[in-house]
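For reference, the chains in residue letters:
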Amino acid sequence: MTLNENEITLTLNGESVRAWAPSRMHAADFLRQRLGRTGTHVGCEQGVCGMCTVMVDGQAVKSCLMLAAQLDGAEVRTVESLAEENGDLNALQQAFKRHHGLQCGFCTPGFLMLATSLAARGEPMSREQIRDEISGVLCRCTGYEGIVRAVEEYLQLQQNEGQVVEVEA
Amino acid sequence: MNEFVEAPAAPKETTRQEESLKHRLIGTSVPRTEDERLLRGDGRFTDDVQFAHQLEMAVGRCPFPHARILSIDVSRALELEGVKHVLTGEQVREQSAPLTVLRPVPGAPQLPYYALAQDKATYEGQPVVSVVAVSRALAEDAIELIEIEYEPLPHVSDAIAALEEGAPLLHPQSLASNLLASNGDRAGEPEARIEAADVVLRSRMRIGRVTPLPMETRGVVAVWRPGARELSIHTSTQVPHLVRKQLAESLRIGEECIRVSASDVGGGFGMKLGVYPEDVLASLHAMALRRPVKWIEDRMEHFRASTHGRESIHDYCLAADAEGRFVAMTNTYTTDIGGWNSPFGSSQLSSVIFTGPYRVADAAVERRVAMTNKTPVGAYRGYGQPEVNFALEVLVDRLARKLGKDPLALRELNMLRPEDLPWTVPSGAVYDSGDYLRTLRMAAEAVDYAAHRASPRVPRPDGRILGIGLSSFVERTGYASARFLANRGSKFGAHESVTLRANRSGTIDLYTGVSSIGQSSETAFAQICAEVLGVDFDAVRVHSGDTASSPLNTGAFASRTLIAAAGALREAALPFRDKTLRLGAWALGIAPEEAVIEGYEVRHRDDADKRVPLSDVFSRAILGQGIPHDETPGLETTAHFEPPSAAFSFGTAAAVVAVDPETGEFSVERFVMVHDCGVAVNPMIVEGQVRGALVQGLGAALGEELRYDAVTGQLLSGSMLDYAVPRAADVPPIELLHTEVPSPVTTFGVRGVGEVGTIPPGAAIANALCDALADYGVEFSALPITPESVWRALQAARESTQGAAA
Ligand code: FES
Ligand code: FES
């Protein structure tokens, strides 16, 4: 820690952490370099590619557009939090695997976090809507087909599970 | 829609033993091994590699397209606290040699491309100084403090203008003009046939400059241990062994001192094919400082510092008789290589496939490689093939219109038939096998071509007119022999290699120099290896992209990986299997002929009770205990394999567009791709490769372009905001169909598949627009095609008809 670094306290993937960051460090670099969560990637630092997408207080955000200091007090989720407690891939990750939604995998964490936030909305979505909604993250490898199929399947699954819960309640 | 339809099997053209076997794993969509780590954020891309006491590098770049460097003053940068080391061109010249080229154009001089500019820079973005500091931000601050006095020089950014008399010369010490080299191939008497032909069409076709744009930029981490004389390099590359070779040449140290590893690579597409200046710079800094040095390219740098793709101008001539039979073809094309020779070198595939899938014996091609004051152009998916396909296939449709013929019928008339193959093209390359016509007919049928042709071109209720365009292609995948490459000046081989190693857990380590760049080679290699050995897919663990552990190889490019590796895998797996059976049989007290490998066991063919675990067999081998006396200990095999020839993929695409004849607005409503990649090792992966490449091809056809300002020579579309790659919402509905004619020249009959999708989109869309706007007399001669260019073509057509009427 040096003098011009700020202290930041946040909840990261359910765990309370405290760290320091220079004032001009953006949140993506902070997560990667100071907190060691390298699953979040950096592709443009311009807010265009979406590689740095994480969830902050339940919303998908491009973390290269935020300063590290803005994470103070926030609840942050990164790709490292997705797998089940027993180590299995979660339903979204499994859908990506089944539908070949990744090739080089560099964009994958961004899409996974975006899809997780879409599912949290709990609204049904058409393929067209999904295509629009995920257009903030780029993929240069897959042509998007596998990603769209995976997200569609996952959202449907979440919908169905949501309905089951409602019926039970 | 969207289905990967299995077409009825084509007539088998070979009697290879493999095909008579029923495959257990080859041909099945095994889920990918790579996914487990990548989905968890556990990939290890270059920027994820971190060392204690690591320093960071930033690079100062020339802001002009062409400038003399008069002076450099680094004193203020060195005073900044935290700055550790600065390099300028002078030191780089003392400490290193110029970058070498993997595939120099025969006859071209080696240009003195040092890692930092010497007396002048020849493109915007060329490295001029580099700084290492305790953080990247500080290194960038230091760059700002370096005073560089430039004298801007006259520049040239157009490849044709660069070759004209009086153009500013880029490298007068090495070259008397801006022509780096030229070379040609020919067969028959094309000029005489053109002279005598009934119809001759000539056209200049331009293909724009694009960027491969992998989502992970380049990066390098260099660690030097002087006492050990070991330079360890982590870098984002498709070719670790070739980077090692080129680094050794530039750093003037032995290859044995260098270890290059590429763990996960976030896409390459041809762009990460060889050494770059920053790899040399990070190494020099690390060697001077004895501390790890990291450089990660930022996206703004990437647009200027990483090689671009495509830009070329094709002057085609297509001659036919009155029936439309092609009698001769010539293509003189100029490729723009930019300010220096790129690490891989200029494309030459345009010369190999310029006659397309057509029967034309009299043909000539001439390649001219021009230097301009722009970022060097390197390999990009398809590398010369999308370019030449656009030029030729647009011209074929133009000939059809001129003769009043149906474009489908004209293609049918001229296409090579299965019985014409093998067919030798002017470059000497041989089309191996295939049924080209079948893919053409399948594509036409899929879009209901006949019904469309029969109906009038009238606007729909939304004002748009429908058009259908075809584009047929043959694609060279893999390389012919090393002998063929030698004639073309190549500094790499045509082979692939693999090492298999048994371990005590009863599993097999598979070592390959091919890095994981998204092509799923880990999965496909394990499939083939497990298939031949008879073990479970999960029993094979692939270790990729580390020169310290893998046998020397060539690398992941030119759709060649699987073609060559399939052979190496088979050659390594067969002796591995035989020894496993001998040792297992010995343990069981049976004859080796009676033993089979199944799952994690060796067992008696007919007696399931006689079984021994692989862990036991492999342990015996490793210890040298409990094995026959005439066997040596250890169980490890290495094989190098060079395919006897290149395999040619082929197919046809059909685009359906709807265009507004007033505004030029258009959309691609359907895109059908019929493709043959021989035997698909993993159909899911094949579909992913074809789709991904198609979307890149569609992007380049419909809008991606790196534009340079004609006056200032500056890059205009050099950021993610200005350069639009397709987003999920931009992709038209794509339908894939395939046929499966096994290649007779490759192991298991595979053909390459990684690049093919980039090839046909441009021509198919141009032809569809011309079809829709047939009544307007619109022509296209350049890519990309945007609503604006359609509108301009409509204006031009109107003016010319008005002019003719007046
Ligand atoms: S890195 Fe944040 S959007 Fe590209
Ligand atoms: S999988 Fe490579 S960028 Fe999406």
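Note that this is a predicted model, so its numbers are computed, not measured. (Residues numbered from 1 in each chain as written. Chains lettered and ligands numbered in written order. Predicted model: local features only at pLDDT ≥ 70, side-chain atom pairs only at ≥ 80, totals over all residues. Heavy atoms only, no water.)

1. A look at the overall build of chain B
Turning to step 1, where the next piece is worked out: Looking only at helices and strands, chain B has 22 helices and 30 strands in total.
Turning to step 2, where the next piece is worked out: Taking 28 Å as the expected radius of gyration for a compact globule of 806 residues, we find that chain B reaches 28 Å, a close match to that expectation.
Turning to step 3, where the next piece is worked out: Along the first, second and third principal axes, the C-alpha atoms of chain B reach 95 × 75 × 50 Å.
Turning to step 4, where the next piece is worked out: Among the 806 residues that make up chain B, the fraction classed as buried is 65%.
Turning to step 5, where the next piece is worked out: Sequence-distant contacts, at least 24 apart, represent 80% of the contacts inside chain B between residues at least 6 apart.
Turning to step 6, where the next piece is worked out: As displayed, chain B offers around 27,400 Å² of accessible surface, 50% of which is attributable to carbon and sulfur atoms.
Turning to step 7, where the next piece is worked out: For chain B, the distance from the average site of its 78 positive side-chain charges to the average site of its 104 negative ones is 2 Å. (Helix = DSSP H or I, 4+ residues; strand = E, 2+ residues; numbered from the N terminus. Rg over C-alpha atoms; globule rule 2.2 N^0.38 Å. Buried < 20%, exposed > 50% of the residue type's maximum accessible area, 1.4 Å probe, protein only. Contact = heavy atoms within 4.5 Å. Areas by Shrake-Rupley, 256 points an atom, 1.4 Å probe, with all protein chains shown as cover. Lys, Arg positive; Asp, Glu negative; His and termini not counted. Charge placed at Lys NZ, Arg CZ, Asp CG, Glu CD.)

2. Points about the packing of helix H13 (residues 407–414) of chain B against helix H14 (residues 436–446) of chain B
All names here are of chain B.
Turning to step 1, where the next piece is worked out: Between H13 and H14, whose axes approach to 10 Å, the crossing angle comes to 165°. Taken as axis vectors, H13 and H14 run roughly antiparallel relative to one another. Considering the relative orientation of H13 and H14, their crossing is left-handed. Residues Leu 408, Arg 411 and Glu 412 of H13 touch H14, and the partners they reach there are Leu 437, Leu 440, Arg 441 and Ala 444.
Turning to step 2, where the next piece is worked out: Among the residues forming the contact of H13 with H14, the class breakdown is four nonpolar, no polar and three charged. (Axes fitted to C-alpha atoms, helices over the stretch in contact; angles between N-to-C directions. Parallel < 35°, antiparallel > 145°, perpendicular 65-115°, else oblique. Left-handed = near helix turned anticlockwise from the far one by under 90°. Nonpolar A, V, L, I, M, F, W, Y, C, P; charged D, E, K, R; others polar.)

3. With respect to the domain arrangement of chain B
Residue and element names in this part refer to chain B.
Turning to step 1, where the next piece is worked out: Split by domain assignment, chain B resolves into domain 1 (3–30 + 495–641), domain 2 (46–153 + 213–305) and domain 3 (312–481 + 644–805).
Turning to step 2, where the next piece is worked out: Here the C-alpha centroids of domain 2 and domain 3 sit 37 Å apart.
Turning to step 3, where the next piece is worked out: Listed per partner, the contact involves 31 residues of domain 2 and 33 residues of domain 3.
Turning to step 4, where the next piece is worked out: Between domain 2 and domain 3, a total of about 2,700 Å² is buried, with carbon and sulfur atoms accounting for 62% of that surface.
Turning to step 5, where the next piece is worked out: It is Arg 103, Phe 269 and Phe 303 that lose the most area in domain 2 upon contact with domain 3, and together they represent 25% of the buried surface on that side. (Domains from an automatic or database assignment. Buried area = accessible area lost by both parts, 1.4 Å probe.)

4. Thoughts on the pattern of salt bridges
Residue and element names in this part refer to chain B.
Turning to step 1, where the next piece is worked out: According to the stated counting rule, one finds 69 salt bridges over all chains in the structure shown.
Turning to step 2, where the next piece is worked out: Here Lys 374 ties to Glu 311 by a salt bridge, and the two come within 2.8 Å at their closest N and O atoms. Taken together, the residues span a long stretch of sequence, with Lys 374 in the loop between strand S16 (363–371) and helix H12 (385–403) and Glu 311 in the loop between helix H10 (299–305) and strand S14 (312–320) at a distance of 63 residues. For the pair formed by Lys 374 and Glu 311, the shared burial category is buried.
Turning to step 3, where the next piece is worked out: A salt bridge links Asp 321 to Arg 325; the nearest nitrogen and oxygen atoms lie 3.3 Å apart. (Salt bridge = Lys/Arg side-chain N within 4 Å of Asp/Glu carboxyl O.)

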